[in-house]
Amino acid sequence: METEDDLIAAVQHIVKALKLKKNLTDDSRKILANLGSQLINISRVDETRNEEHEENEGLIEIEHQLDSIQDKVMNWEKDQSMIWDCGPEEAYEYLKAVDETRKLIEMLENKSPNNSNSDGSLLRRAHDVLQTAMSRLEEEFRYLLVQNRQSFEPEHMSFRSTEEDILEAGSVISSGDDSIEDVVHRESMGRTSEDYVIELVHQDVITDLKSIANVMFDSNYGRECSQVFVSVQKDALDDCLFILEVEKLSIEDVLKMEWNVLNSKIRRWMRAMKLFVRVYLASEKLLTDQIFGDLESVSSACFAESSKAAILQLLNFCEAIAIGPHQPEKLIRILDMYEVLADLIPDIAALYSHEAGSCVRVECQDIQKRLADCARATFLEFENAVASNVSANAFPGGGVHPLTRYVMNYIKTLMDYTKTLDDVLKDQDSENALSVSPDMSPLSEDENASGSPSRSPMAKHFRSLISILETNLDGKSNLYKDESLQHLFLMNNVHYMAEKVKNSELRTVLGDEWIRKHNWKFQQHAMNYERATWSSILALLKDEGIQNPGSNSISRTILKERLQSFYLAFEEVYKSQTGWSIPDCQLRDDLRISTSLKVIQAYRTFVGRHTNHISEKHIKYTADDLEDYILDLFEGSQKSLHGGHKK
């Protein structure tokens, strides 16, 4: 203390001397400068000592904080229970501790580069604590996602097929005439149904999940958080596909399937695809946004990564169908799949709008194009199949051939896909797609107008297909040895086509001119049938050649022979043509009436004119008998007449 007082007294003496002495010698100045430097150094040492003291106090405070946090984190590591099961307060305190650890690390990292060994030790400890906490938060995050997952019950969703069990094992086209409406029912497309978004995870834990995610991302553990979410949600999406009965099938598996099995799986796929995209994926996107909404790019990437495998699994099934054989019976289902995909593409584009989902968008568009190519090739293959359909034997009875029924019902069913077919056929080169036949009906002025359904790509292909069918039927008619049966066969088939078009939506596509032309066609075949069957028979009832040679008198012998020949010819017609078939009731009645008018009138006139020359015993049948017998024709059940009685 005395030394310090002496020092102060000396300084005061120097200051007083400086005031009295205005000019200083160089030696004096040098001595004073040295004195000033010594004072500055002394001051700096004091400041450094103060800073070190303060820093040591700060590190001690950080260490105390870290000790407290570490105790809290490690105590939970010893505990087997889950933090979030212990209530919101415990969860909040844990997250608060983790966030404090993150801030301590930032504080330590922001200190000057000349950190002491104690600084580095604290930083390593803090990182270890944070890593332990992050591992625990991963577990808690996974636990909350899994334990709070809501059950997915598609039976309570919309878009369900209204015809779940139709055509489970059969072709989608029938050659029967319970008409195709009774055999094929389109699955509901659900286009006007309200989209459903369901809770995939209980809403009570969404805030907790978001808090965990935010803390992990703030602590530079975002990748680990994302990986947990993607892993859990991938499993959830796989479970969803399992519930929707979607199997993991390779392309080879699909190509080996029998059509009845594949048909069932396609229908199941259609329903699953609509539910999966419109309900489950939309809900999955909402869940992802709720948890990672503060990090938009992260949310998009997590959604794309978690759902990509599942959506591509569904699209791969489409690809397998598209590259499979182009069998005509598959066309309806291919068009169904195309429509489902076309309908869902806007939804898929919205769900995967960011770069992370671009591969899904591209794949979806590629698959749609492949389905369109497949549908187009399948339709053209159907045309080829109709053209090359060969029969070794004539169709019994001359009725409507199964090929005619099949083709007409096929295109009638395709009317439900008018817009879709126009889309897939519009790019087809008309020269390659259409084998233009001179028999194809011209269009009327209205039908030829721009925008008319009759000018659509589908209409052109339908005209081509029917023209091919008619050419094929002409060839099949030549298998009949009887010219009458040839015309009856063509009459039946052309009439069937005309009626099918007239009484369905096909009328709007093929047009009234087409119907008029084909009505005229089958009527011509009916007239040709009558001419071929009855002209020679009715010639027996004419008066030419019944006079005695060299006179104008009627020859009873010739009359008798004429009648006997007529009866024999009639009985032969009866025997054969009762076995022939006209399936359409109205057409059958019309032809019977027309035939009856000609035959009965000619018979009555002949017998009445020569009643004085014909003995009663030579009259085998009355006109009424013949009229009754004509009503037996074309029933498809052969009968015969012997002695004036049916057998």
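Just so we're clear, the structure is a prediction, and the values are computed from it rather than from any experiment.

So, about the overall build of the protein chain. The helix and strand inventory of the protein chain stands at 20 helices and two strands. Out of the 647 residues belonging to the protein chain, those deemed buried represent 45%. When the accessible surface of the protein chain is summed, it comes to about 33,300 Å², and 48% of that surface belongs to carbon and sulfur atoms.

Mapped onto the fold, Gln 368 is located in helix α11 (residues 358–387). Sequence-distant contacts of Gln 368, that is, excluding residues within four places in its chain, are made with Tyr 338, Leu 341, Ala 342 and Ile 345.

We now examine the confidence of the model for the protein chain. Of the residues in the protein chain, 78% reach a pLDDT of 70 or more, and the chain-wide mean stands at 83. Mean pLDDT across the elements of the protein chain ranges from a minimum in helix α14 (residues 430–433), with 42, to a maximum in helix α16 (residues 483–502), with 97. Under a pLDDT of 50 for its full length, residues 49–54 has, in the predicted model, zero contacts with residues more than four places off or in other chains. Overall, residues 429–440 carries pLDDT values under 50, and its contacts beyond four positions in sequence, including any with other chains, amount to 18 contacts.

This next bit is on the pattern of salt bridges. Across all of its chains, the model carries 28 salt bridges by this definition. A single network of salt bridges, built from pairs that share partners, joins Asp 99, Arg 102, Lys 103 and Glu 106.

Another point: the packing of helix α6 (residues 222–243) against helix α8 (residues 259–292). Between α6 and α8, whose axes approach to 12 Å, the crossing angle comes to 160°. Accordingly, the angle class assigned to the pair α6 and α8 is roughly antiparallel. Relative to α8, α6 is oriented so that their crossing is right-handed. Contact residues: α6 offers Cys 225, Phe 229, Gln 233, Ala 236, Leu 237, Cys 240 and Leu 241, while α8 offers Phe 276, Tyr 280, Leu 281, Glu 284, Leu 287, Thr 288, Ile 291 and Phe 292. Here the contact of α6 with α8 is built from residues that sort into 12 nonpolar, two polar and one charged.

Before going further, it helps to spend a moment on unusual backbone geometry. Of note in the backbone geometry, Glu 245 takes a positive phi value of approximately 65° without being a glycine. Along the polypeptide, Glu 245 turns up in the loop between α6 and α7 (251–256). At Phe 634, a position not held by glycine, the phi torsion is positive, near 70°. Mapping Phe 634 onto the fold places it in the loop between α20 (623–630) and β1 (641–642). Since its relative accessible area comes to 1%, Phe 634 is described here as buried.

Once that is clear, we can look at the nonpolar core. Leu 137, Phe 141, Met 273, Phe 276, Phe 292 and Phe 462 are the most contacted members of the largest nonpolar core, which totals 166 residues. With near-sequence residues (within four places) excluded, Phe 276 lies in contact with Leu 237, Cys 240, Leu 241, Leu 244, Leu 281, Ala 310, Ile 311 and Leu 314.

So, on to the side chain of His 401. Locating His 401 in the fold gives a position in the loop between α11 and α12 (402–414). For His 401, a relative accessible area of 11% gives the class buried. Contacts of His 401, omitting those with residues within four sequence positions, involve Ser 391, Phe 395, Leu 473, Lys 476, Phe 489 and Asn 493.

It is worth spelling out the environment of Ser 391 at this point. Structurally, the position occupied by Ser 391 is in the loop between α11 and α12. Residues contacting Ser 391, with those up to four places away along its chain left out, are His 401, Lys 476 and Leu 479. In terms of polar contacts, Ser 391 uses its side chain to reach the side chain of Lys 476, at 3.5 Å.

For the rest of this paragraph, the subject is the packing of α12 against α16. Running from N to C, α12 and α16 cross one another at 15°; their axes reach a closest spacing of 10 Å. Taken together, the axes of α12 and α16 are roughly parallel relative to one another. Classified by chirality, the crossing of α16 by α12 is right-handed. Side by side, α12 and α16 meet where Thr 404, Arg 405, Met 408, Asn 409 and Lys 412 of the first sit next to Asn 493, Tyr 496, Met 497, Lys 500 and Val 501 of the second. The class makeup of the residues in the contact of α12 with α16 is four nonpolar, three polar and three charged.

What follows covers the environment of Arg 507. By the secondary structure assignment, Arg 507 is in helix α17 (residues 506–538). Between the alpha carbons of Arg 507 and Lys 412 there is a distance of 10.0 Å; along the sequence they are 95 residues apart. Once residues lying within four places of it in the same chain are set aside, the contact partners of Arg 507 are Val 501, Lys 502, Asp 512 and Ile 515.

Moving on: the packing of aromatic side chains. Tallying each qualifying case throughout the model produces 20 aromatic pairs. Pairing Tyr 406 with Tyr 410 gives two aromatic rings, centres 5.9 Å apart and planes at 35°, and the pair type is tilted. Taken together, the positions of Tyr 406 and Tyr 410, both in helix α12 and four residues apart, correspond to about one turn of that helix. Three or more aromatic residues joined by ring pairs make a cluster, and in this case those are Trp 534, Phe 566, Tyr 567, Phe 570, Tyr 574, Tyr 603, Tyr 621 and Tyr 629. One cation-aromatic arrangement involves Lys 285 over Phe 303; the distance from NZ or CZ to the ring centre is 5.9 Å.

With respect to the secondary-structure elements, Gln 564 resides in helix α18 (residues 556–577). With 55 residues separating them in the primary sequence, Gln 564 and Ile 619 have C-alpha atoms 9.0 Å apart.

Conventions and cut-offs
Residues numbered from 1 in each chain as written. Predicted model: local features only at pLDDT ≥ 70, side-chain atom pairs only at ≥ 80, totals over all residues. Heavy atoms only, no water. Helix = DSSP H or I, 4+ residues; strand = E, 2+ residues; numbered from the N terminus. Buried < 20%, exposed > 50% of the residue type's maximum accessible area, 1.4 Å probe, protein only. Areas by Shrake-Rupley, 256 points an atom, 1.4 Å probe, with all protein chains shown as cover. Contact = heavy atoms within 4.5 Å. pLDDT = per-residue confidence, 0-100. Salt bridge = Lys/Arg side-chain N within 4 Å of Asp/Glu carboxyl O. Axes fitted to C-alpha atoms, helices over the stretch in contact; angles between N-to-C directions. Parallel < 35°, antiparallel > 145°, perpendicular 65-115°, else oblique. Left-handed = near helix turned anticlockwise from the far one by under 90°. Nonpolar A, V, L, I, M, F, W, Y, C, P; charged D, E, K, R; others polar. Core = buried A, V, L, I, M, F, W, Y, C linked by side-chain atoms within 4.5 Å. Polar contact = N/O pair within 3.5 Å; in protein donor to acceptor, adjacent residues only side chain to side chain. Phe/Tyr/Trp six-rings, centres within 6.5 Å; stacked < 30°, edge-to-face > 60°. Lys NZ or Arg CZ within 6 Å of the ring centre and 35° of its normal.

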